Amino acid sequence: MPQPQSRVPDHARGYENFGGVIDRTSSASQPWWPSQPTAPQGAPNIVVVLIDDMGYSDISPFGAEIDTPHVAALAERGVRLSNYHTTPVCSPARAALLTGLNPHRAGYGSVANSDPGFPGLRLELADDVLSLPEILRDNGYATYAVGKWHLVRDANMGPGRSRDSWPVQRGFDSYYGSLEGLNSFFYPNQLLADNSVVDVDEYPDDYYVTDDLTDRAISQITSLRAHDADKPFFLYFAHIAMHGPHQVKETDLEKYRGRYSQGWDAIRLNRFERQIKSGLFDPDTPIAPRNTEPGYDAPPWDDLSEDEKRRFARYQEVYAAMVDSVDQSVGRIVDTLTELGELDNTIIVFTSDNGGTAEGGPTGTRSYFSQFVHGPVPPDWERDVPHDEELIGSAALGVHYPRGWGQASNTPFRFYKGQTFAGGVRVPFVLSWPKGLTRSADDNGVRRQYSYVTDIVPTLLDLAGLTAPTHRHGRPAQERDGVSIADVLRDPTAESAHTEQYAEFGGHRGFYRDGWKLVSLHRDPADVDNPTWELYDVNTDPAETDDLAARHPELVAELAAAWDDAAWRNTVFPLYDSAADQVRRRPDEERFTDPVRILAGTPPLERYRSSKLIAYRDFDIEVELAGWTDLDEGVLVAHGDQQGGYLLYVEAGSAHFVFNSYGRISRVSAPIPAGTGGLALRAVATPQVRWDFTLEASVDGSSEVIAKLDNQFQLIGMAPWTGISVGADARGPVDAQLRSRRGVFRFGPALRAVTYRPGAVRVPAAVRKEIEESAEYHAD
């Protein structure tokens, strides 16, 4: 019997690409629905847990004394990659992990903040770059993300800016977390749910961001299962931990009190011994000696004073407790999967974005954002504001450990995050899939074959039996650089298909080929294209202790030429011989320095937008009041949090100005004259990176100075971290004492608006550039 044919005249519109039959009536027509992506029968769930700034040895399956039973259980059920590599810093690692492209090809040769104007540093995902969630969604998966993103330039974090590189636009059905490169654990400066800023002024007393992210991840999974019993899901859980500032719940910290008094040298040796016993390295493998290079050096623990030992040990107690809290989060995810009966058919990956960091400097800090400020600042710049040591790890401080603990984190390797040596790029990797990956009795689960972060996408697709679309939004998708290592996961004797790999960050270079690694440490920007190469046989010397460059000059030349070829193929060039070039911003960002009038009750401004109004410059803050009396009180304007900021409030008929200089508090107060119709806070910047403040009251059209506060360190680099709020001290408190007394202290209807008027920049350009370069590097 012949099939009915559509009777659609040529001039009709809207019926194109319809697969059914159209007639004039429904009874004579046949409906049709486009097919929806459907996952293969039995396709596994996929969970990728990515930790920030956690070194190779910081979990127990890789040698740590830190309690991580849940990650250890994953390793026991699965495999450990002892020779897995990532990028030196985080945004490039995240781009490579989620796309399978080499970081510069993905557009992320550096951290997602500036925009120097070259292909390898566009710091946004291009239209023809497919992401893992996009691929999985095309294969019938639900896709969820929580945590740190940092694939969005900070200029695009505010309303009205491009969202092309935001998580939901890149394939995630739902997202909850922070677009920033770091955040407070008790008072995040800004959280997003999908494409919208979470409307929160005050966090609960028991708030902790790792718990919040874990709650959201679990709710995503359980909500899906309540609606669809069979649809597989992809969860990308990108922890804000272990990035500084290090803060942890007291209940977790108590467990680690007193456990690090032996110091980093002993901890490092103990971890290496456990690494050898567990099969990560051969017994005769050398451990790298203590870093002694200027700017990277870690002193012998025994050379420290007793006061230093006590404080430095406390920093590591906090760090260990944070790792423990991450493991607890993993346990909660695993428990949820177990309760759903889906643990066996879930691929779980646990890894880090780069190695442990040296950003705490030689002595650590209790003033995290002040520590970011390097370069030609005044010699009396206070990098570590003294505080009660009992507060270390609490919401009151932003602390970071000294780099001696970063070296221990990276046991047994050299150097840290940011360098192409193993300490910066070799991190732990655990993969568990009980249903799909089983081990024989004589298989210890360790895989020593080389692998790289770009291999995660093709490996997961291979394990799950999935294919990727060839196009994105109608354009041919870029080919991936990574290769599947599924054979290595299944067979400890299989050879890795990933035989060579370039590396570059900030002028540091590296090139791996068949067990040989060529590497350079970049020191002089003017000499960036003249590297001093070192050569290592990393099969026998994974810690890069014996430089063979002088013995194999031909191999050095061969691998150096290969690095050069790879650099051109992956848009690594140009290399930056000027710090000013690398932190260059788009010219259109200058409009962020225009005056702005902010109505009372406006949601807090985004951090970067707020900073452009005050950084390195004079600025005026004009407060409009309407019918003010001495009964009206509350916060007029607040900018920042406990890590640095300023606050103007009214209480009991007086105006109070609080300046928080990276944790050191200064206050001035003065009665407000009767009939005041407005207040003005005026800041005058100095070339010495200071501000002088005056507070004025406007009465009957004339201004009167009522208070002064001079010679305050400017808030620069990444401070203030929390943006401007008008009419309340929202999110993190600038003044903890005021928060404890009055909460966010909302002002009433007598406050109409606040206007910011940025003035002249007073700090010399050379000083600004060096400070900004350092701050953006450490903020990743």
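Look up a bit, the structure's there.
Presented here is a report on the structure given in the accompanying data block. (Residues numbered from 1 in each chain as written. Predicted model: local features only at pLDDT ≥ 70, side-chain atom pairs only at ≥ 80, totals over all residues. Heavy atoms only, no water.)

## Digging into the overall build of the protein
Helix and strand counts for the protein stand at 18 helices and 29 strands. The C-alpha radius of gyration of the protein comes to 28 Å, within 12% of the 28 Å expected for a compact globule of 780 residues. By principal-axis analysis of the C-alpha atoms, the protein measures approximately 85 × 85 × 50 Å. In the protein, which comprises 780 residues, the share counted as buried stands at 63%. Sequence separation of at least 24 residues holds for 73% of the intrachain contacts in the protein that already meet a minimum separation of 6. Carbon and sulfur atoms provide 49% of the accessible area of the protein, an area that totals close to 28,900 Å². Averaging the coordinates of the 75 positive side-chain charges in the protein and doing the same for the 112 negative ones gives two points 3 Å apart. (Helix = DSSP H or I, 4+ residues; strand = E, 2+ residues; numbered from the N terminus. Rg over C-alpha atoms; globule rule 2.2 N^0.38 Å. Buried < 20%, exposed > 50% of the residue type's maximum accessible area, 1.4 Å probe, protein only. Contact = heavy atoms within 4.5 Å. Areas by Shrake-Rupley, 256 points an atom, 1.4 Å probe, with all protein chains shown as cover. Lys, Arg positive; Asp, Glu negative; His and termini not counted. Charge placed at Lys NZ, Arg CZ, Asp CG, Glu CD.)

## Points about the sheet that holds strand β25 (residues 676-686)
If you trace the 6 strands from one edge of the open sheet to the other, you get β19-β29-β20-β25-β26-β27, paired in antiparallel fashion. A single partner strand is all that each edge strand has here, and the edge strands are β19 (596-599) and β27 (702-713). Adjacent strand axes in the sheet meet at a mean angle of 15° when their direction is disregarded. In the sheet, β25 pairs with strand β26 (residues 690-699) via 10 bridges, with the strands oriented antiparallel. Residue pairing for β26: Thr686 is matched across the bridge by Arg690. (Pairing = 2+ DSSP bridges. Axes fitted to C-alpha atoms, helices over the stretch in contact; angles between N-to-C directions.)

## Some remarks on the pattern of salt bridges
Under the criterion given, the structure shown has 60 salt bridges. Linked by salt bridges that have partners in common, Asp115, Glu124, Arg153, Asp154, Glu180, Arg585, Arg586, Glu589 and Arg607 make up one network. (Salt bridge = Lys/Arg side-chain N within 4 Å of Asp/Glu carboxyl O.)

## Some points on the sheet that holds strand β9 (residues 346-352)
Pairing is mixed across the open sheet formed by 10 strands, whose spatial order is β7-β6-β5-β4-β8-β1-β9-β10-β2-β11. Across the chains shown, the open sheet's two edge strands, defined by having one partner strand only, are β7 (196-197) and β11 (446-447). Contacts from helix α2 (residues 90-99) reach β1 (45-51), β4 (142-148) and β8 (233-238), with the element oriented near 170° to β8. The strands that helix α8 (residues 306-339) touches are β1, β8 and β9; relative to β9, the one it contacts most, it runs at about 175°.

## Notes on helix α12 (residues 456-464)
Summarising burial for α12: 8 of the 9 residues are buried, a large majority. Within the span of α12, buried status applies to Ile456, Val457, Pro458, Thr459, Leu460, Leu461, Leu463 and Ala464. Of the residues trailing α12, Gly465 is marked for its positive phi of about 70°.

## Comments concerning the packing of helix α1 (residues 69-77) against α8
Running from amino to carboxyl end, α1 crosses α8 at an angle of 60°, the nearest separation of the two axes being 7 Å. One way to sum up the angle between α1 and α8 is to call them oblique. Counting all contacts with α1, which are made through Pro69, His70, Val71, Leu74 and Arg77, the residues of α8 involved are Asp327, Gln328, Val330, Gly331 and Val334. Among the residues forming the contact of α1 with α8, the class breakdown is 5 nonpolar, 3 polar and 2 charged. (Parallel < 35°, antiparallel > 145°, perpendicular 65-115°, else oblique. Nonpolar A, V, L, I, M, F, W, Y, C, P; charged D, E, K, R; others polar.)

## Overview of the nonpolar core
Counting 76 residues, the largest nonpolar core has Phe233, Leu235, Met242, Phe350 and Trp405 as the members making the most contacts within it. The element that contributes the greatest number of residues to this core is α8, accounting for 14 residues. The contact partners of Phe233, leaving out residues within four places of it in the chain, are Asn45, Ile46, Val47, Tyr141, Ala142, Tyr144, Ile221, Leu224, Arg225, Leu337 and Glu342. (Core = buried A, V, L, I, M, F, W, Y, C linked by side-chain atoms within 4.5 Å.)

## Section: the environment of Asn711
In this structure, Asn711 sits in strand β27. With residues near it in sequence (within four places) discarded, Asn711 still touches Arg690, Trp691 and Asp692. At 3.2 Å, the side chain of Asn711 forms a polar contact with the side chain of Arg690. (Polar contact = N/O pair within 3.5 Å; in protein donor to acceptor, adjacent residues only side chain to side chain.)

## Topic: the packing of aromatic side chains
How two aromatic rings sit relative to each other is given by the distance of their centres and the angle of their planes. Per the stated rule, a full pass over the model turns up 44 aromatic pairs. Between Tyr84 and Phe429, the aromatic rings sit 4.6 Å apart at their centres with planes inclined by 45°, giving tilted as the arrangement. Taken as a pair, Tyr84 in strand β3 (residues 84-85) and Phe429 in strand β10 (residues 429-432) lie far apart in primary sequence, 345 residues in all. Given the relative accessible area of 2%, Tyr84 is considered buried. Residue Phe429 is classed as buried on the basis of its relative accessible area of 4%. Within the aromatic cluster, the residues linked to one another by ring pairs are Phe619, Tyr646, Phe657, Phe659, Trp691, Phe693 and Tyr756. Sitting over the face of the ring of Tyr176, Arg216 holds its NZ or CZ atom 3.9 Å from the ring centroid. If you follow Arg509 out to its NZ or CZ, it ends over the ring of Trp563, 4.2 Å from the centre. (Phe/Tyr/Trp six-rings, centres within 6.5 Å; stacked < 30°, edge-to-face > 60°. Lys NZ or Arg CZ within 6 Å of the ring centre and 35° of its normal.)

## Section: the packing of helix α5 (residues 209-227) against α8
Viewed as axis vectors pointing N to C, α5 and α8 meet at an angle of 15°, and their least axial separation amounts to 10 Å. In terms of orientation, α5 and α8 fall into the roughly parallel class. Helix-helix and strand crossings are classified by hand; for α5 and α8 the assignment is right-handed. Judged by residue contacts, Thr210, Asp211, Thr214, Asp215, Ala217, Ile218, Ile221 and Thr222 of α5 engage Ser325, Ser329, Arg332, Ile333 and Thr336 from α8. Its residues assigned to classes, the contact of α5 with α8 shows 4 nonpolar, 6 polar and 3 charged. (Left-handed = near helix turned anticlockwise from the far one by under 90°.)

## A word on α5
Taking 1.5 Å as the rise per residue, α5 with 19 residues should run 27 Å; its terminal C-alpha atoms sit 27 Å apart, in good agreement. Taken as a whole, α5 has its buried residues at Val209, Thr210, Asp212, Leu213, Thr214, Ala217, Ile218, Gln220, Ile221, Leu224 and Arg225. Along its buried surface, α5 packs onto β1, β4, β5 (174-178), β8 and α8. (Expected span 1.5 Å × (residues − 1).)

## Considerations on unusual backbone geometry
Cis geometry marks the peptide bond from Gly244 to Pro245; its omega dihedral reads 0°. Along the chain, Pro245 turns up in the loop between β8 and α6 (250-253). Along the chain, Phe573 connects to Pro574 via a cis peptide bond; the corresponding omega equals 5°. With respect to the helices, strands and loops of the structure, Pro574 is situated in the loop between α14 (553-569) and α15 (579-582). Phi angles above zero are rare outside glycine, and Glu544 is one such case at about 55°. The topology assignment puts Glu544 in the loop between β18 (533-537) and α14. Note on Glu544: relative accessible area 1%, which makes it buried.

## Some details on the pairing of β8
It is a general feature of regular strands that their side chains alternate between the two faces of the sheet. Burial analysis of β8 places 6 of its 6 residues in the buried class, the great majority of the element. Every second residue of β8 is oriented toward a common face, with Phe233, Leu235 and Phe237 on one face and Phe234, Tyr236 and Ala238 on the other, all of them buried. Where β1 and β8 come together, 5 bridges link them in parallel fashion. For Val47, the partnering residue across the bridge sits in β8 and is Leu235.

## Quick notes on the environment of Glu651
Mapped onto the fold, Glu651 is located in strand β22 (residues 644-651). A relative accessible area of 13% means that Glu651 is categorised as buried. Spatially, the C-alpha atom of Glu651 lies 58 Å from that of Asp138, the residues being 513 residues apart in sequence. Dropping the residues within four chain positions of it, Glu651 is found in contact with Glu633, His656, Arg741, Arg742 and Phe745. Polar side-chain contacts of Glu651 include one of 2.9 Å to the side chain of Arg741.

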